[in-house]
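Listed below, chain by chain, are the residues.
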Amino acid sequence: MTTVAPYGSWISPLSAADASAAAPRYDGARFVADEVWWGESLPDQGGRSSIRRSVDGEVEDLLPAPWSARSRVHEYGGGSWTTDEDGRLYFVEKSDQRVWSLRRGEEPTPLTPDDPQARHGGLRWEHGVLLAIREVHDGSPVPRRSIVSIPQGGGEAREIVGGSDFLAQPALSHDGRHLAWVAWDHPDMPWDRTQIRVGDLADGTVTTWRPITSGETAALQPEWDASGRLVWLDDPSAGPNAGRWNLWRRDVASDLPPDPIAPADADTGGGLWVLGVRWYALLPDGGIVAVRTHGADEVVRIDAEGTARATGIPVRSRAVVEDALGSRVLVSGMAPGVTGIWQLDEHGDVTLVVGSRSDLGDEWIPPARPFTVHSRHGDVHAFDHPPTNPHHTAPEGELPPYIALVHGGPTAHVGGVADSRITFFTSRGIGVVEVNYGGSTGYGRAYRDRLRGQWGVVDRDDVAAAASGLAAEGRADAARLAIAGSSAGGWTVLAALVGTDVFAAGISRYGVGDARLLATDTHDFEARYLDGLIGPLPAAEALYLERSPLSHTEGFRVPVLLLQGSDDAVVPPTQAEAIRDALAGRGVPYAYVLYDGEGHGFRRAETVVHALESELAFLGQVFGFETPGVPAIALS
């Protein structure tokens, strides 16, 4: 039986607690002999990150509480654990950022000294060597970073190479004679310009090195194939599929130019926000399993002749190639209705190793409709997730409220998969539109570079154009459009509220309100990010003032919900509190929630639940619909 009820007030079996449980954060996966181990953040344990495996269908924690594997290199971390062939676990403990070792059935033992200035991440076990990125905060203007090897018996890590502001993705050649890595310096970000370098090793350190790429492209992920040739990702400005991250290969002992591998009008690569992310894996038969992105992700297998075929892995967003052992490959990401880790075996069969989804059937999952609209900056790509509930329909003639979700970064990407947060809203009769505004990855460098010098303009206009486009098509109620985003997405929320009249409500999770404050108060990884997004200081100070939402508080006219973590080192609470004070000064309705102990991204179950319920209650209050089962929120 179908019940007629206003959009937003539909009864949904998906609670905020269910949505939280159905949205796991995975941090890597590894083959360990015949087993698969994976990292997972556990919201019901305060966001602790454990290493787990499945035994006879039962999940077992290999890293017991209270240990938590989490790196803080670049603040965003990544590569917080790895294993050797014997199943010895190596991990970065969150509380002290040391590298620890754990053998099954024993207690963890430290491998690196107790040094409060040092952080480790990007762990990788290769050919009997434990590699890591070490970051030392000793009061220097820029933390000292280097690639190090960590002795198996513990002790001081040995520096292999340094000399750059940033280093990532080290790869040791099979014969142990060469190391390849990615390097870049301020003010570039790793999606702007990097350089792949190859060094000659003597006694465990790089003696000399040479560049493999020009340093004018955003080269990523060097790997050595079985023949000793180097494979990597690059997005050169000329040649086939210029500006696309594609695969390249070269014999580094030769002066011949690199060869493209299966060029495609799609990206194999993305924003290097975390150290552990990888987009392809080499196979023993000369084949490659790789992610290709054009809007949505696709996982393909490229044979030795360069022919690419779909693997059948259903991941469509946030795809990462986690590990390969022989012809078996692990891929994590999001597929419709499930976030998980899949295995591709030697026969081409695909199985879900671990995944978390709600108990809802497919009839509750909104179909993702890709669409394109035009803004004054060019085409804008987005995904529409309409209200979907098999037991409810809206009164005739009513149009649904919509939330425009703005991804963070801003150099990031969404693939159009309805996760549990989206389904939480769509199952209640609230549509969601995800926008890959100019500056997003997944559409090539030209689209990514559209945001250069235009942050707060292109993103604002593109998101407004996508939401307005839905209303113009008669799919959304133009009077009930909300905008929501986190971090850099929160900046776009605030910029759209003060700079357009499209949205009737805004939700900012740890969003940026003052670009100058962000430039002076954020962490080193992003300390010069705004040079490219707005302009270098102090020359561009007037532009920072012009772009910052806090410079245009007269534009705040609609209700705003602010959600913030007290321990956020990327966007500190002072940003949200300045917006709160501006709203209060103008008499604009608002709610401000500060979550004690949370950082840049909410990890605790109680926080995730409260934030989701607060967002729904806020929208119900502003747009005038009931929110059954969710407590009301007080607006000041």
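Above this text is the structure in question.
In this text, all values refer to a predicted model and were calculated from it rather than measured experimentally.

Caption draft 1: Layout of the pairing of strand β15 (residues 178–184). Within β15, seven of the seven residues are buried, which leaves it mostly tucked inside the rest of the structure. Judged by which residues are buried, β15 turns out to be covered on both faces: His178, Ala180, Val182 and Trp184 on one side and Leu179, Trp181 and Ala183 on the other are all buried. As judged from the five bridges shared by strand β14 (residues 166–172) and β15, these two strands associate in the antiparallel manner. When the sheet's bridge partners are listed, Ala171 is paired in β15 with Ala180. Between the end of β14 and the start of β15, which pair antiparallel, lie five residues, with Gly176 showing a positive phi angle near 75°. As paired strands, β15 and strand β16 (residues 195–202) are joined by six bridges and run antiparallel to one another. Across the sheet, the residue bridging to Ala183 is Gln195, located in β16.

Caption draft 2: Representation of unusual backbone geometry within the structure. Pro66 follows Ala65 through a cis peptide bond whose omega is 5°. The residue Pro66 is located in the loop between β5 (58–61) and β6 (81–83) in this model. Not every positive phi belongs to a glycine, and Gln169 is a case in point at roughly 50°. Mapped onto the secondary structure, Gln169 falls in strand β14. Of note, the phi angle at Ala262 is positive, near 45°, even though the residue is not glycine. Within the fold, Ala262 resides in the loop between β21 (259–261) and β22 (280–282). Taking the relative accessible area as the measure of exposure, Ala262 reaches 15% and is therefore buried.

Caption draft 3: Inspection of the layout of surface pockets at higher detail. Space inside the second largest pocket adds up to approximately 290 Å³. Around the second largest pocket, the lining is made up of 20 residues, and of these Ala21, Pro24, Glu40, Pro43 and Ser356 lie nearest the centre. Mapped by element, the contributors of at least two residues to the lining of the second largest pocket are α1 (16–21), β3 (35–42), β29 (350–356) and α10 (605–623). The element best represented in the lining of the second largest pocket is β3, accounting for four residues. Tallied by class, the residues present in the lining of the second largest pocket amount to 12 nonpolar, five polar and three charged.

Caption draft 4: Highlighting the nonpolar core. Counting residues in each nonpolar core, the largest one holds 104 residues, and the members touching the most others are Leu179, Leu230, Leu247, Trp455, Ile483 and Phe503. Setting aside its immediate chain neighbours within four residues, Phe503 contacts Ala404, Val463, Ala464, Ala467, Leu481, Ala482, Ile483, Ala496, Leu497 and Val558. By size, the runner-up hydrophobic cluster in this structure holds 36 residues, among which are Leu561, Phe623, Phe625 and Ile633.

Caption draft 5: Here's a closer look at the sheet that holds strand β30 (residues 369–375). Strand order in the open sheet formed by eight strands is β30-β31-β34-β33-β35-β36-β37-β38, with mixed pairing between adjacent strands. Looking along the sheet, the strands with just one partner apiece sit at the ends: β30 and β38 (590–595). Pairwise comparison of adjacent strand axes, ignoring direction, gives a mean angle of 20° for this sheet. As defined by bridge partners, β30 adjoins strand β31 (residues 378–385) across seven bridges and the pair is classed as antiparallel. When the bridges of β31 are listed, Ser375 appears paired with Gly378. Packing of helix α4 (residues 458–472) onto the sheet brings it into contact with β30, β31, β33 (402–406), β34 (431–436) and β35 (481–486), and relative to β30 it is tilted by some 115°.

Caption draft 6: Structural view of the environment of Val463. Looking at the element boundaries, Val463 is found in helix α4. Aside from chain neighbours lying at most four places away, what touches Val463 is Ala404, Val406, Val435, Tyr437, Ile483, Thr492 and Phe503.

Caption draft 7: Local environment of the environment of Thr372. Inspection of the secondary structure assignment puts Thr372 in strand β30. Residue classification places Thr372 among the partly exposed residues on the basis of a relative accessible area of 45%. Distance in space between the C-alpha atoms of Thr372 and Val406 is 16 Å, their sequence separation being 34 residues. At 3.4 Å, the side chain of Thr372 and the side chain of His381 are in polar contact.

Caption draft 8: The arrangement of the sheet that holds strand β9 (residues 109–110) in detail. Taking strand neighbours across the sheet as the criterion, the four strands line up as β6-β7-β8-β9 in an open arrangement whose pairing is antiparallel. The open sheet has two edge strands with one neighbour each: β6 and β9. As judged from the three bridges shared by β6 and strand β7 (residues 89–92), these two strands associate in the antiparallel manner. The residue of β7 that forms the bridge with Thr82 is Tyr90.

Caption draft 9: Seen up close, α10. The end-to-end C-alpha separation of α10 is 27 Å, in line with the 27 Å expected for 19 residues at 1.5 Å each. Phi for Gly624, located one or two positions after α10, is positive at around 80°.

Caption draft 10: Fine view of the side chain of Arg603. Tracing the backbone shows Arg603 in the loop between β38 and α10. Buried charge Arg603 goes without a salt bridge, the closest partner of opposite sign being Glu598 at 6.4 Å.

Caption draft 11: Quick look at the pattern of salt bridges. Within this structure, the stated rule accounts for 46 salt bridges. A salt bridge links Glu541 to Arg516, with the nearest nitrogen and oxygen atoms 3.6 Å apart. Residue Glu541 is located in helix α8 (residues 541–547), and its partner Arg516 is located in helix α6 (residues 515–521); the two are separated by 25 residues in the primary sequence. Each of the salt bridges in this network shares a partner with another, and the network as a whole consists of Arg72, Glu75, Arg119, Glu135, Arg145 and Asp524.

Thresholds applied
- Each residue is numbered by its place in its chain's sequence as written, counting from 1.
- Note on the predicted model: pLDDT of at least 70 is required for a residue's local features to be given, and 80 or more for side-chain atom pairs to be given and counted; whole-chain, interface and lining totals, by contrast, use all residues.
- Note: side-chain values were computed over all heavy atoms of the structure, leaving out hydrogens and water.
- Partly exposed residues are those whose accessible area sits between 20% and 50% of the maximum for their type, while under 20% is buried and over 50% is exposed, using a 1.4 Å probe and protein chains only.
- Helix numbers and strand numbers start at the N terminus; a helix is a DSSP run of H or I with at least 4 residues, a strand a run of E with at least 2.
- Paired strands, in this sense, are two strands between which DSSP finds at least two bridges.
- Whether a set of points on the 1 Å grid over the protein atoms alone is a cavity depends on a 1.4 Å probe fitting there but being unable to get out, while an open set qualifies as a pocket with protein on both sides within 12 Å along at least five of seven lines; lining residues are those with an atom within 4 Å of a point.
- Grid points are joined across faces, edges and corners, and a volume is the space filled by probe spheres set on the points.
- Each residue receives one of three labels: charged for Asp, Glu, Lys and Arg, nonpolar for Ala, Val, Leu, Ile, Met, Phe, Trp, Tyr, Cys and Pro, and polar for the others, Gly being one of them.
- Here the nonpolar core consists of buried residues drawn from Ala, Val, Leu, Ile, Met, Phe, Trp, Tyr and Cys, with membership extended through side-chain atoms lying within 4.5 Å.
- A contact between two residues is defined here by any heavy atoms of the two lying within 4.5 Å.
- A fitted line through C-alpha atoms serves as each axis, taken over the contacting stretch for helices, and the angle formed by two N-to-C directions is quoted from 0 to 180°.
- Here a polar contact means two N or O atoms within 3.5 Å. Within protein one must be a hydrogen donor candidate and the other an acceptor candidate, and residues neighboring in sequence count only if both atoms are side-chain atoms.
- The span you would expect from a helix comes to 1.5 Å times its residue count less one.
- Lys and Arg are tallied as positive, Asp and Glu as negative. Neither His nor the chain termini are counted.
- Take a side-chain nitrogen of Lys or Arg and a carboxyl oxygen of Asp or Glu: if they are within 4 Å of each other, that pair is a salt bridge.

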